[in-house]
Amino acid sequence: MRILLVASAYNSLTQRVHAELRNRGHAVAVEVTPAGRDVVAAVDRHDPELIVAPLLKTAVPREVWTARTCLIVHPGPVGDRGPSSLDWAVHEDAAEWGVTVLQAEEEMDAGPVWATAEFPVPRTGKSDLYRGEVSDAALDAVLTAVERFASGRHSPTAQDGMPAAPGARTRPPMRQETRRIAWADDPTATVLRKLRAADSQPGVLDVLLGGEWFLHGGRPEPRLRGRPGELLATRAGAVCRATVDGAVWIPELRARTGPGVPRACKLPATHALAGRLPRLPELSVPPLCPAGDGAPWSDITYREDGPVGTLSFSFPGGAMSTGHCRRLLAAYRAACERPTSVLVLGGTRDFFSNGIHLGVIEAAPDPAAESWANINAMDDLVEAVLTTTDRLVVAAIGGNAAAGGVMLALAADEVWCRSGSVLNPHYRLMGLYGSEYWTYSLPRRVGAATAERLVREALPVGAGQARDIGLADRVIECPPARFSAEVTRLAQHWAGSSGAQSRLVAKKAESERREAVTPLAAVRERELAHMRRIFFDPGAPYHALRRAFVRKQPSPAPPAVPHGFADA
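Since we're looking at a predicted model, the values are computed, not measured.

Caption draft 1: Geometry of the packing of aromatic side chains. Going through the model one piece at a time under the given rule, you end up with nine aromatic pairs. Ring geometry for Y427 and W438: centres 6.3 Å apart, planes at 45 degrees, overall tilted. Of this pair, Y427 sits in the loop between β21 (422-424) and α13 (438-446) while W438 is found in helix α13, placing the two residues 11 residues apart along the sequence. By the burial criterion, Y427 is buried, and W438 matches it. Taken together, F313, F315 and F352 form an aromatic cluster joined through their ring pairs. In this structure, R532 packs its charged tip against the face of W372, placed 5.1 Å from the ring centre. Above the ring of F549, the side-chain terminus of K552 is found at 5.8 Å from the ring centroid.

Here you go:
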């Protein structure tokens, strides 16, 4: 069937729906359309049999929905309406929520229902929830709705004939007045809930050290205490701020800018506050910071389960700055000193890695020099994984990965993905050649022809397709909350299997053959020669593309998605 996806942004859900529909044999075109007239033009151009809108912030024009079936993915249960559905669910600490696929009509979110799916709401950030439980439920509902439409026998159900879910109602957009933190009154649980409901976008507007900032993300601090609103300490780029009954860590800040001023970048909090921060204690954490309740917060943690060590990391947006890479490399080396036979890299929900930190690069006094430092730090990390020969390494991708983050995973002996993962193994859309030893690792995995196609087409790859083409070794079917436990169970089984030792022997022999035929130093030198030319050329498209991406400006390049059914 010819399906047109229309979306306000080619976000994670749109990419997943795109990849899964293509994988099921549908001819899928994608149009990123910011306004109604663009939707009309897209429909006229593609003449689809069905229109699906995974993320659409504007109403579908009447002339479209009266002529064709247009399915809207609403991140709320039946009876819920409004543009801030998920924000309200997290803000109000809902235990369960849902996704509704409904038909576009005059009133937004009020059309008849084609499919629904429910899910539990863990206490995690809105964006993590969206890429996890919401994405799983939305995909199930979309696939059901598409199957029902294709049958020609199904009629959608009017919403007034269906019971509304508990808490579902028509609600206004969530404004900063609702999100605002009252530091003198709000307990830690309330502060965290407000931060979680706005973690990636739009952030919580606040006043700090004489400036206005959007706060992004939040983690509880078990021990530190102080005057409510006071900054207490720093750690790993985050700042700790006191509440009335505890404290929270805030990893990222974004400066508020006025009209006509380019949007500021989201940055590690200490980076954003450079020059403003008072003298605060920097609370160091050991390279192998323990995980679990009561442990000090860290974006890098380690645990051992018998013969399996798990080195987990969680960087906002999956972006890895020079500092992130160097700290993770130190932790990786420390983990390799432990008496384990299998080392799991990752293993948490949400992003694995998206490669270098474009926001830190954009905000640097010399973006070219910071780009160069960042890619070299990424290469150092990937090289350490590639050259580990005394144990087996598993890259466990619980969420999405892109660019250098995919290549970091491919450096491991095996790649295990959760069923909801989406991989983007390419660099072209940011105007980059790429590094992280991709010219060695990617063809080794999928073959030269498929590697060339992946980087040229620059399309998202779902977990099932990744396994089919050799990009991944295992797909783990489980909810996001179960991923870590399932990875540990499987890794323990692998560590105790008869094939583990022979695999390790073969790995050492392969490493020796590789160095004799294709030395890693030569691979790195060749890739970095391309990257250096791009970074230090002021006219290279990379600089404009990076700026537009981190500042949420219109891209100087054409929409970075396929535009015709021939791509299916």
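Continuing now.
Caption draft 2: Quick look at the sheet that holds strand β8 (residues 211-216). Strand order in the open sheet formed by four strands is β7-β8-β13-β14, with antiparallel pairing between adjacent strands. A strand with exactly one partner marks an edge of an open sheet, and here the two such strands are β7 (204-208) and β14 (267-268). Direction of pairing for strand β13 (residues 252-255) relative to β14: antiparallel, over a ladder of two bridges. Across the sheet, L253 pairs through a bridge with L267, a residue of β14.

Caption draft 3: Representation of helix α14 (residues 448-457). By the burial criterion, the buried members of α14 are T450, A451, L454 and V455. Summarising the axial view, the buried residues of α14 lie within an arc of 125 degrees, below the 170-degree limit, and thus occupy one face. The exposed residues of α14 that point more than 90 degrees off its buried face are A448 and A449. Looking at the buried positions of α14, the neighbouring elements they touch are α13, β22 (461-462) and α15 (463-469). In the segment just after α14, A458 is the residue with positive phi, at about 55 degrees.

Caption draft 4: Highlighting the pattern of salt bridges. For the coordinates displayed, the defined rule picks out 41 salt bridges. For R546, the salt bridge identified is with E362, shortest N-O distance 2.9 Å. Of the two residues, R546 is situated in helix α19 (residues 541-550) and E362 in helix α10 (residues 358-363); the sequence distance between them amounts to 184 residues. Residue R546 is classed as buried on the basis of its relative accessible area of 1%. Judged by its relative accessible area of 10%, E362 falls in the buried class. The partner of R456 in a salt bridge is E452, with the nearest N and O atoms 3.0 Å apart. Of this pair, R456 and E452 both sit in helix α14, four residues apart, which is roughly one turn of the helix. Look at the salt bridges and you will find they share partners, linking R2, D47, E49 and R68 into a network.

Caption draft 5: The sheet that holds β22, seen in detail. The sheet built from three strands is open, its strands ordered β19-β21-β22 with mixed pairing. Edge positions in the sheet fall to β19 (401-402) and β22, since each of these pairs with one other strand and no more. Of the strand pairs in this sheet, β19 and β21 are connected by two bridges, and their pairing is parallel. Counterpart to A401 in the pairing with β21 is L423.

Caption draft 6: The packing of α13 against α14, seen in detail. Contact geometry for α13 and α14: axes closest at 7 Å, N-to-C directions at 120 degrees. With respect to their mutual orientation, α13 and α14 come out oblique. Between α13 and α14 lies a crossing whose hand is right-handed. Between α13, through W438, L442, P443 and V446, and α14, the contact on the second element is made entirely by A448, T450, A451, L454 and V455.

Caption draft 7: Expanded view of the nonpolar core. Core analysis: the largest hydrophobic core is formed by 91 residues, its most contacted members being L215, L253, L311, Y332, L408 and L442. Once you skip the residues sitting within four places of it in the chain, L442 turns out to touch M407, L410, P425, G447, A451, L454, V455 and L471. Residues V17, V73, L139 and A141 belong to the second largest nonpolar core, which totals 36 residues.

Caption draft 8: The state of the cysteines, seen in detail. If you walk through the whole model with that rule in mind, you get zero disulfides. Not engaged in a disulfide, the cysteine C417 finds its nearest cysteine sulfur in C478; these two sulfurs lie 11 Å apart. In this structure C417 comes out as buried when scored by relative accessible area, which is 0%.

Caption draft 9: Representation of unusual backbone geometry in the model. Cis geometry is adopted by the peptide bond preceding P202, which originates at Q201 and carries an omega value of 0 degrees. Along the chain, the position of P202 falls in the loop between α7 (188-196) and β7. The residue D109 is not glycine, and still its phi comes out positive at about 65 degrees. With respect to the helices and strands, the residue D109 is situated in the loop between β5 (96-103) and β6 (113-120). We classify D109 as buried; its relative accessible area is 12%. Positive phi, close to 50 degrees, is recorded for A236, a residue that is not glycine. For A236, the location among the structural elements is in the loop between β10 (231-235) and β11 (238-242).

What counts and what doesn't
Residues numbered from 1 in each chain as written. Predicted model: local features only at pLDDT ≥ 70, side-chain atom pairs only at ≥ 80, totals over all residues. Heavy atoms only, no water. Phe/Tyr/Trp six-rings, centres within 6.5 Å; stacked < 30°, edge-to-face > 60°. Helix = DSSP H or I, 4+ residues; strand = E, 2+ residues; numbered from the N terminus. Buried < 20%, exposed > 50% of the residue type's maximum accessible area, 1.4 Å probe, protein only. Lys NZ or Arg CZ within 6 Å of the ring centre and 35° of its normal. Pairing = 2+ DSSP bridges. Arc of directions from axis to C-beta. Contact = heavy atoms within 4.5 Å. Salt bridge = Lys/Arg side-chain N within 4 Å of Asp/Glu carboxyl O. Axes fitted to C-alpha atoms, helices over the stretch in contact; angles between N-to-C directions. Parallel < 35°, antiparallel > 145°, perpendicular 65-115°, else oblique. Left-handed = near helix turned anticlockwise from the far one by under 90°. Core = buried A, V, L, I, M, F, W, Y, C linked by side-chain atoms within 4.5 Å. Disulfide = S-S within 2.5 Å.

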